[in-house]
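Coordinate inspection notes
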Amino acid sequence: FKLNLFNGSSFQAIHDGTCKIPLIPHEPYYFIVKGDSKSNHPIAFFGPIVLEEGQEFKTQFILPKTRKLPKIQVVDEANNPLEKATYLFKDAKGNYFERFSIELKSSTNEEGFFPEAGWPVEKFKIIVGRNGYEFREITIPSDLSPNQVFQIKLKEAATIQCNISGKLALPISVGILN
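What you see is a predicted model, and the numbers here were worked out from it, not measured in a lab. (Residues numbered from 1 in each chain as written. Predicted model: local features only at pLDDT ≥ 70, side-chain atom pairs only at ≥ 80, totals over all residues. Heavy atoms only, no water.)

**Quick word on unusual backbone geometry**
We note that Asn-79 has phi near 70°; this positive angle belongs to a residue other than glycine. The residue Asn-79 is located in the loop between strand S5 (72-75) and strand S6 (86-90) in this model. Take Asn-79: its relative accessible area is 39%, and that puts it in the partly exposed class. Not every positive phi belongs to a glycine, and Lys-84 is a case in point at roughly 65°. If you trace the backbone, Lys-84 turns up in the loop between S5 and S6. You can call Lys-84 exposed: its relative accessible area is 60%. (Helix = DSSP H or I, 4+ residues; strand = E, 2+ residues; numbered from the N terminus. Buried < 20%, exposed > 50% of the residue type's maximum accessible area, 1.4 Å probe, protein only.)

**Description of the nonpolar core**
Where a protein is soluble and globular, its nonpolar side chains tend to be buried together. Core analysis: the biggest nonpolar cluster contains 19 residues, and Val-74, Trp-119, Ile-126, Val-128, Ile-140 and Ile-152 have the highest contact counts within it. Of all the secondary-structure elements, those providing two or more residues to this core are S5, S6, strand S8 (124-129), strand S9 (136-140) and strand S10 (150-153). It is S8 that contributes the most residues to this core, 3 residues altogether. Non-local contacts of Ile-152, meaning those with residues more than four positions away in its chain, are made with Ile-72, Gln-73, Val-74, Val-75, Ile-126, Val-128, Arg-136 and Ile-138. (Core = buried A, V, L, I, M, F, W, Y, C linked by side-chain atoms within 4.5 Å. Contact = heavy atoms within 4.5 Å.)

**Notes on the pairing of S6**
By the alternation rule, side chains of S6 split into Tyr-87 and Phe-89, which are all buried, and Thr-86, Leu-88 and Lys-90, of which none is buried. For S6 and S8, the ladder comprises 5 bridges, and the chain directions are antiparallel. When the bridges of S8 are listed, Phe-89 appears paired with Ile-126. (Pairing = 2+ DSSP bridges.)

**Re the pattern of salt bridges**
Following the criterion strictly, the structure yields 2 salt bridges and no others. A salt bridge links Glu-116 to Lys-68; the nearest nitrogen and oxygen atoms lie 3.9 Å apart. Taken together, the residues Glu-116 in the loop between strand S7 (96-97) and S8 and Lys-68 in the loop between strand S4 (44-49) and S5 connect sequence positions 48 residues apart. Since its relative accessible area comes to 37%, Glu-116 is described here as partly exposed. Its relative accessible area of 45% is what places Lys-68 among the partly exposed residues. (Salt bridge = Lys/Arg side-chain N within 4 Å of Asp/Glu carboxyl O.)

**With respect to the confidence of the model for the chain**
Of the residues in the chain, 74% reach a pLDDT of 70 or more, and the chain-wide mean stands at 78. The element-level mean pLDDT for the chain is lowest in strand S1 (residues 2-5), coming to 42, with S10 highest at 96. Long-range and interchain partners of residues 1-8, a stretch whose pLDDT sits below 50, account for 35 contacts in this model, where long-range means more than four residues apart. (pLDDT = per-residue confidence, 0-100.)

**Regarding the pairing of S10**
Residues Phe-150 and Ile-152 line the buried face of S10, whereas the alternating positions Gln-151 and Lys-153 sit on a face that is not buried. In this structure, S5 lies alongside S10, joined through 4 bridges in parallel fashion. Bridge assignment links Val-74 to a residue of S10, and that residue is Ile-152.

See below:
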């Protein structure tokens, strides 16, 4: 198993499953614990943890098994598969996070299908989107059969074009509030 910190640090657990990580006191840390895609465990998200100088915090992560769902497909309104659609998980607390590793990509293939492994056993939510299309929040039911094609249809997005006049140094960032 591997323990990843959001700041980019990564620590391998030793053969007995333990891992000791030095942290800067008084700073919040969020942890992501994951196995490789072959173990078929979901990603566990934990935090924030803030420690005082010399304080030690011990915790135990139990990574539940997941299910394989090889037929979650993203399509447009005409049922054409959408390649490179992405998703974010939404956990029970309303936090969003992306799952990505070399062996477990978080985007659809050329047929519009997401990777088959690593999906939670219980009902869960994902936010699905693709450049040029609207984002959708979708609930994946706990009783979805691995043999059933589950299509997520995305509508073409409305767009706005901004023309910035004047002689300004590039690049210029444009944000939007909703």
